[in-house]
Amino acid sequence: MASVSVDEAMRRAIELAARGLGTTSPNPVVGCVLLDEGGEVVGEGFHAYAGGPHAEIVALAQAGLRAKGGTAVVTLEPCDHTGRTGPCSSALVQAGVGRVVIAVPDPNPVASGGAATLRAAGVRVDLGVRGEEAEAGNVAWLTSMRRGWPYVIWKYAATLDGRSAAADGTSMWITSEAARIDVHALRGTVDAVIAGVGTVLADDPRLTARNLRDGSLAIRQPLRVVVDSSGRTPADARVRDGAARTWIATADEVGADPDGRVDLSALLAALHQRGVRAVLLEGGPRLAGAFLEAGLVDKIVGYVAPRLLGAGPTALVDAGVTTIAEAIDLEFVDVTQIGPDLRITALPRKREG
């Protein structure tokens, strides 16, 4: 096998890391490629599930004795603590690896320090190779660990004129089956799905991740969270059906804002304490507006159907904008056609001051 560059190896490690999306939380996604002294790939690995072997350990097992004197290329700084598994920094030292190339430092104070341990053992450590790319692939976990609350994705579906339902309240289905399949795949990458009690009362959603072709449930289900300030969720609501864990988050339990509603910042902090690193905000329009007004949305994924209704509820209500100067500006990062619909991904721009 021909030798590869460190840059090529990191690109491969980032691809490997992505295989763990949706199954590793509350741990990060990590990929690792091991090169021998001649630059040939002798081991690959990724972190597949929480509690399972880390990417470096999988790659070291493949490489065996060929790891000695070689280079470990890893998307995140090797952990330096003993949890459900041992420290990867020590495993790399014991294997005799001569160089470790890291894309992104670990912001978790419990696990960080691997780079220092490696250097102290005489291992060459290089940081920052394809750092932006690795950061993007692990953005939810990194963001959550740095600030102490989950990465929030607001998902909505609407017609081209921004309607989420017709004037009579009907909304099934605004978007195509292809778009709905894509939404369920998106649900499978997060730790929790959040909806307001108004959506539960109006639509009685399941909020599960499913295979729409046969109706089967995904093996891993996100936590279902109903923001229900005064505890109005019916006992027979489908979010209570036992198909997945459910938390009815009330103001009494979480804490109230000045208007007596669930304090959204406190809600996110509580979810972080539960190991939630990424959430999908699904409904309804007032809850989405409250999250946006509070500056708590990190990414927006909109499914736009090639339809016009002209009347009916809109996908967003009252985000605290009263004049054009207060508009929430966005940066489009992706536009993809999903069946007949468009999936538009955007990031809120940070406001000056």
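- The name given to the chain in an unreviewed UniProt entry is Riboflavin biosynthesis protein RibD, with the source organism recorded as Micromonospora arida.

**As for the sheet that holds strand β2 (residues 41–46)**
Part 1 of the argument: One open sheet accounts for 5 strands, arranged β2-β1-β3-β4-β5; its pairing is mixed. Of all strands in the sheet, those with a lone pairing partner are β2 and β5 (124–127), marking the two edges. When the angles between neighbouring strand axes are averaged without regard to direction, this sheet yields 15°.
Part 2 of the argument: In the sheet, strand β1 (residues 31–35) pairs with strand β3 (residues 71–76) via 4 bridges, with the strands oriented antiparallel. Looking at β3, one finds that C32 is bridged to V74.
Part 3 of the argument: Packing of helix α1 (residues 6–18) onto the sheet brings it into contact with β1, β2, β3 and β4 (99–104), and relative to β1 it is tilted by some 145°.
Part 4 of the argument: Helix-sheet contacts for helix α2 (residues 55–63) involve β1, β2 and β3, and the interaxial angle to β2 is about 150°.

**Some details on the nonpolar core**
Part 1 of the argument: In this structure, M10, L34, L60, V73, L92, V97 and V100 are the most contacted members of the largest nonpolar core, which totals 37 residues.
Part 2 of the argument: Listing elements by their share of this core, those giving two or more residues are α1, β1, α2, β3, α3 (88–94), β4, α4 (114–120) and α6 (139–147).
Part 3 of the argument: When residues of this core are assigned to their parent elements, the largest contribution, 6 residues, is made by α1.
Part 4 of the argument: With residues up to four places along the chain from it excluded, the contact list for V100 reads A72, V74, P78, L92, L118, V123, R124, V125 and D126.
Part 5 of the argument: Judged by nonpolar contacts, the second largest core, of 27 residues, contains W154, A192, V254 and A288.

**Observations concerning the side chain of H47**
Part 1 of the argument: Position of H47 among the secondary structure elements: in the loop between β2 and α2.
Part 2 of the argument: For H47, a relative accessible area of 3% translates into the label buried.
Part 3 of the argument: Within the structure, H47 has its side chain in polar contact with the backbone oxygen of Y49 (distance 3.4 Å).
Part 4 of the argument: With near-sequence residues (within four places) excluded, H47 lies in contact with G20, T24, N27, P28, V30, G52, P53, H54 and A55.

Criteria and thresholds
- Residues numbered from 1 in each chain as written.
- Predicted model: local features only at pLDDT ≥ 70, side-chain atom pairs only at ≥ 80, totals over all residues.
- Heavy atoms only, no water.
- Pairing = 2+ DSSP bridges.
- Helix = DSSP H or I, 4+ residues; strand = E, 2+ residues; numbered from the N terminus.
- Axes fitted to C-alpha atoms, helices over the stretch in contact; angles between N-to-C directions.
- Contact = heavy atoms within 4.5 Å.
- Core = buried A, V, L, I, M, F, W, Y, C linked by side-chain atoms within 4.5 Å.
- Buried < 20%, exposed > 50% of the residue type's maximum accessible area, 1.4 Å probe, protein only.
- Polar contact = N/O pair within 3.5 Å; in protein donor to acceptor, adjacent residues only side chain to side chain.

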